[in-house]
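Examination of the molecular architecture
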Amino acid sequence: MNVPKHVAIIMDGNGRWATNRGLKRSMGHLEGSKTLEKLAIHAIDMGVKILSVYAFSTDNFKRSKEEVDYLMDLFIKMFNTKFEKINKKGIKVVISGRKENLRADVIEAINTIEEKTKNNSAGILNICLNYGGQEEIIDGAIKLAEDIKNGLDIKNFTKEDFYHYLYQDLPPIDLLIRTGGELRLSNFMLYELSYSEFYFTNTLFPDFDKSEFNKALFMYEHTDRRFGGLNVKENN
Ligand code: FPP
């Protein structure tokens, strides 16, 4: 089976999942966090090596204080206590995004989960938190500019080399999944998604279970990726 090495998910639709049931939006985020825990383990079982997820964008700070506070408290709870299964599975958890604007207790929980799982090697769960794709490219460009100032020779600098300047030095994304029915990227991992396949579904994230994930893997398996070239049959 042709399994994507790096899968990314825009976890959209938590709020609608909750309001459809007459619940507060926060209940959708809680349910979404349970879905994420199960999916991270399932993805590794299916042979995926890296799962990147959009947990909180730099723009999500525009939401109500109540919702932002709920999400931050949920991240803390998940990182401090609920990620035990993920740790036992051997998954290394890394957090991508800008640390400024984050509460001190959130940064502490990020450090705790990264430290606790740093030697795990079964797979990587990359959680994008206070994350923006354009911001990641800008932050990388600033680091590169500093290296150039310190004497780095960029005569033969390649697009692969720029990956070292992103928040995590992960390989390109093979498959992007967006739940919740919208057809947009919302400033998510713009550099890493350059050659990705896209899978859009109306399913709301809390309902995106293992069988829904497998449908995306099935679509990927039957996709002919050409990276701008021709496939083997056409070439011959
Ligand atoms: C978008 O749905 C979802 C979010 C902004 C938050 C996603 C967070 C989780 C799934 C929890 C993850 C937990 C951890 C520990 C990383 P929305 O609220 O915009 O949904 P809507 O479009 O229906 O309003």
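Figured I'd write up the structure that's included with this text. Everything numeric in this text was worked out from a predicted model, so none of it was measured.

**A closer look at the overall build of the chain**
Tallying secondary structure elements over the chain gives nine helices and six strands in all. A compact globule built from 236 residues would reach a C-alpha radius of gyration of about 18 Å, and the chain, at 18 Å, matches this within 12%. Structurally, the chain occupies a C-alpha span of about 55 × 50 × 35 Å along its principal axes. Intrachain contacts of the chain at a sequence separation of at least 6 include 75% that bridge at least 24 residues. Total accessible area on the chain stands at roughly 12,200 Å², and carbon and sulfur atoms take up 52% of it. Once the 33 positive and 34 negative side-chain charges of the chain are each reduced to a mean point, those two points are 4 Å apart.

**A few points about the site of the ligand**
Around the ligand sit 17 residues in total, of which D12, G15, R16, R25 and R63 are the nearest. Taking D12, its side chain carries an N or O atom lying 3.0 Å from an oxygen atom of the ligand. Contacts to the ligand include R25, whose side-chain N or O atom sits 2.9 Å from an oxygen atom. Here the ligand, which alone exposes 630 Å², has 92% of that area covered by the protein. Mapping the ligand onto the cavity grids shows that it belongs to the largest pocket. Among the elements of the structure, helix 1 (14-19), helix 2 (25-45) and helix 3 (65-82) are those that each provide at least two residues to the shell around the ligand. The greatest single-element share of the shell around the ligand, amounting to five residues, is contributed by helix 2. In terms of residue class, the shell around the ligand is made up of six nonpolar, seven polar and four charged.

**Quick notes on the packing of helix 2 against helix 8 (residues 210-221)**
The N-to-C vectors of helix 2 and helix 8 enclose an angle of 45 degrees; their axes lie 10 Å apart at closest approach. The angle between helix 2 and helix 8 places the two elements in the oblique class. Pair helix 2 / helix 8 crosses with right-handed handedness. Between helix 2 and helix 8, the residues in contact are L39, H42 and A43 and K210, F213 and N214, respectively. When grouped by side-chain class, the residues that make up the contact of helix 2 with helix 8 number three nonpolar, two polar and one charged.

**With respect to empty space enclosed by the protein**
Vacant regions in the atomic arrangement are exposed by a probe of water-molecule size rolled over the atoms. Using the criterion set out here, one finds one cavity of 30 Å³ or more in the structure. As a volume, the largest cavity reaches approximately 40 Å³. If you go around the largest cavity, the residues you meet are S96, N126, Y131, E136, Y167, Q168, L170, M189 and E192. Class assignment for the residues of the lining of the largest cavity results in four nonpolar, three polar and two charged.

**Re the pattern of salt bridges**
If you walk through the whole model with that rule in mind, you get 17 salt bridges. For D45, the salt bridge identified is with K89, shortest N-O distance 2.6 Å. Separated by 44 residues along the polypeptide, D45 in helix 2 and K89 in the loop between helix 4 (84-88) and strand 3 (91-96) bring together distant segments of the chain. Residues E182 and R184 are paired through a salt bridge, measuring 3.6 Å at the closest nitrogen-oxygen approach. Because the salt bridges share partners, they merge into one network encompassing K65, D69, D73, R103 and D105.

**Looking at the sheet that holds strand 6 (residues 197-200)**
Taken in spatial order, the six strands of this open sheet run 3-4-2-1-5-6, and their pairing is parallel. Of all the strands in the sheet, the pair left with one neighbour each is strand 3 and strand 6. Between one strand axis and the next, the sheet turns through 20 degrees on average, direction left out of account. Examined bridge by bridge, strand 5 (residues 175-178) and strand 6 share four bridges and lie parallel to one another. Counterpart to R178 in the pairing with strand 6 is F200. Across the face of the sheet, helix 5 (residues 104-117) comes into contact with strand 3 and strand 4 (123-131) while running at roughly 145 degrees to strand 3.

**What about a nonpolar patch on the surface?**
A cluster of nonpolar side chains, I148, L152 and I154, forms an exposed patch at the surface whose accessible area comes to about 210 Å². Looking at where L152 falls in the secondary structure, it is placed in the loop between helix 6 (133-149) and helix 7 (159-162). Taking the relative accessible area as the measure of exposure, L152 reaches 35% and is therefore partly exposed.

Conventions we followed
Residues numbered from 1 in each chain as written. Predicted model: local features only at pLDDT ≥ 70, side-chain atom pairs only at ≥ 80, totals over all residues. Heavy atoms only, no water. Helix = DSSP H or I, 4+ residues; strand = E, 2+ residues; numbered from the N terminus. Rg over C-alpha atoms; globule rule 2.2 N^0.38 Å. Contact = heavy atoms within 4.5 Å. Areas by Shrake-Rupley, 256 points an atom, 1.4 Å probe, with all protein chains shown as cover. Lys, Arg positive; Asp, Glu negative; His and termini not counted. Charge placed at Lys NZ, Arg CZ, Asp CG, Glu CD. Near = heavy atom within 4 Å. Polar contact = N/O pair within 3.5 Å; in protein donor to acceptor, adjacent residues only side chain to side chain. 1 Å grid on protein atoms, 1.4 Å probe; cavity = no way out; pocket = protein on both sides within 12 Å on 5 of 7 lines; lining within 4 Å. Sits in = over half its atoms within 2 Å of the grid points. Nonpolar A, V, L, I, M, F, W, Y, C, P; charged D, E, K, R; others polar. Axes fitted to C-alpha atoms, helices over the stretch in contact; angles between N-to-C directions. Parallel < 35°, antiparallel > 145°, perpendicular 65-115°, else oblique. Left-handed = near helix turned anticlockwise from the far one by under 90°. Points joined across faces, edges and corners; volume = space filled by probe spheres on them. Salt bridge = Lys/Arg side-chain N within 4 Å of Asp/Glu carboxyl O. Pairing = 2+ DSSP bridges. Patch = residues over 30% accessible without salt bridge, like charges linked within 9 Å, V, L, I, M, F, W, Y side chains within 5 Å. Buried < 20%, exposed > 50% of the residue type's maximum accessible area, 1.4 Å probe, protein only.

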